[in-house]
Amino acid sequence: MENLIQVKNLIHIYSDNGSGKKYGIKDVTFSVEKGEFIILAGKNGSGKTTLLRHLNGLLLPTSGEVLISGINIQKNIVEIRKKVGMVFQDADSQIVGETVFDEVAFGLENLKFPRKLINEKVESTLELLSLIQLADRNPATLSGGEKRKLAIAGILVMEPDVILFDEPFSNLDYPGASNLLSLITRLNKNGITIIIATHEIEKVIDRATRMVIMDNGHIKKDGTPAELVKITEQYGIREPCSSKLNLGIMSWIN
Ligand SMILES: Nc1ncnc2c1ncn2[C@@H]1O[C@H](COP(=O)(O)OP(=O)(O)OP(=O)(O)O)[C@@H](O)[C@H]1O
Ligand SMILES: [Mg+2]
């Protein structure tokens, strides 16, 4: 296995308009290997989003460092953003294009890919996510679930090694959530490393190879879902029903 991400003694302090220091992350050290499927679990305010934002350089460390394939993020932020994509919790904040097609083409255009190649890649990605019939729509007019798929399309088209998802299932209905779960599973089977930050572990726990539990800016536990599922409630994370009923870890999809 290859060490894809290394986080060393990461501390992040948000400056808080003179009202004192506000720690987002206190001291985090961990690494991620290629192909893992990780749940980053923790209650509200535990530091999940702050940590994810460091993994693709949206935030820079107050101290400590983040390495991707052995290279410090700050050395080559453009290259890192191609390798590590992030799907935000609020899809609106990510949308910049005037049409669905333009939105997905945006990253490739920035990298000055030839037009023909851009069109081919965008079309195949829209096909893959069943968004092709929406290609000419204004992203602002899409539903919440369609916007989240669009955000994923914009990342997939860049062929990343890692995708970070911040609460990807919030506001999705049952078919929307199960389609997304199937898609994320397929991406992981194709070799993309997945990290999902969430305080609701029930939907993804049977897919994950590893669970990292954060609390108060620290990583408190790091192990397999089977090892940790019974202790999640100490950290404000609801234990899945199947585990409560002593039926083990079960798939959330029928
Ligand atoms: N821009 C900011 N300025 C000041 N403090 C912040 C900022 N963003 C986050 N924090 C603080 O950092 C800590 C970690 O926040 P973070 O958003 O990483 O938590 P989270 O685990 O993602 O929570 P949630 O489940 O609510 O999304 C919290 O105490 C939060 O109040
Ligand atoms: Mg968050």
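This report concerns the structure included in the present document. (Residues numbered from 1 in each chain as written. Chains lettered and ligands numbered in written order. Predicted model: local features only at pLDDT ≥ 70, side-chain atom pairs only at ≥ 80, totals over all residues. Heavy atoms only, no water.)

### Here we look at the sheet that holds strand S5 (residues 71-72)
Argument step 1. Within the open sheet, the four strands sit side by side as S2-S1-S4-S5. Their pairing is antiparallel. Strands at the two margins of the open sheet, each flanked by one partner only, are strand S2 (21-33) and S5.
Argument step 2. With five bridges connecting them, strand S1 (residues 3-15) and strand S4 (residues 63-68) associate as antiparallel partners. For Lys8, the partnering residue across the bridge sits in S4 and is Glu65.
Argument step 3. With respect to the sheet, helix H1 (residues 48-55) is in contact with S1, S2 and S4, its orientation differing from that of S1 by roughly 125°. (Pairing = 2+ DSSP bridges. Helix = DSSP H or I, 4+ residues; strand = E, 2+ residues; numbered from the N terminus. Contact = heavy atoms within 4.5 Å. Axes fitted to C-alpha atoms, helices over the stretch in contact; angles between N-to-C directions.)

### Quick look at the environment of Gly57
Argument step 1. Within the fold, Gly57 resides in the loop between H1 and S4.
Argument step 2. We classify Gly57 as buried; its relative accessible area is 7%.
Argument step 3. Sequence-wise, Gly57 and Ser19 are 38 residues apart; in three dimensions their C-alpha atoms are separated by 26 Å.
Argument step 4. Here Gly57 is in contact with Ile73, Ile77 and Arg81, once residues within four sequence places are set aside. (Buried < 20%, exposed > 50% of the residue type's maximum accessible area, 1.4 Å probe, protein only.)

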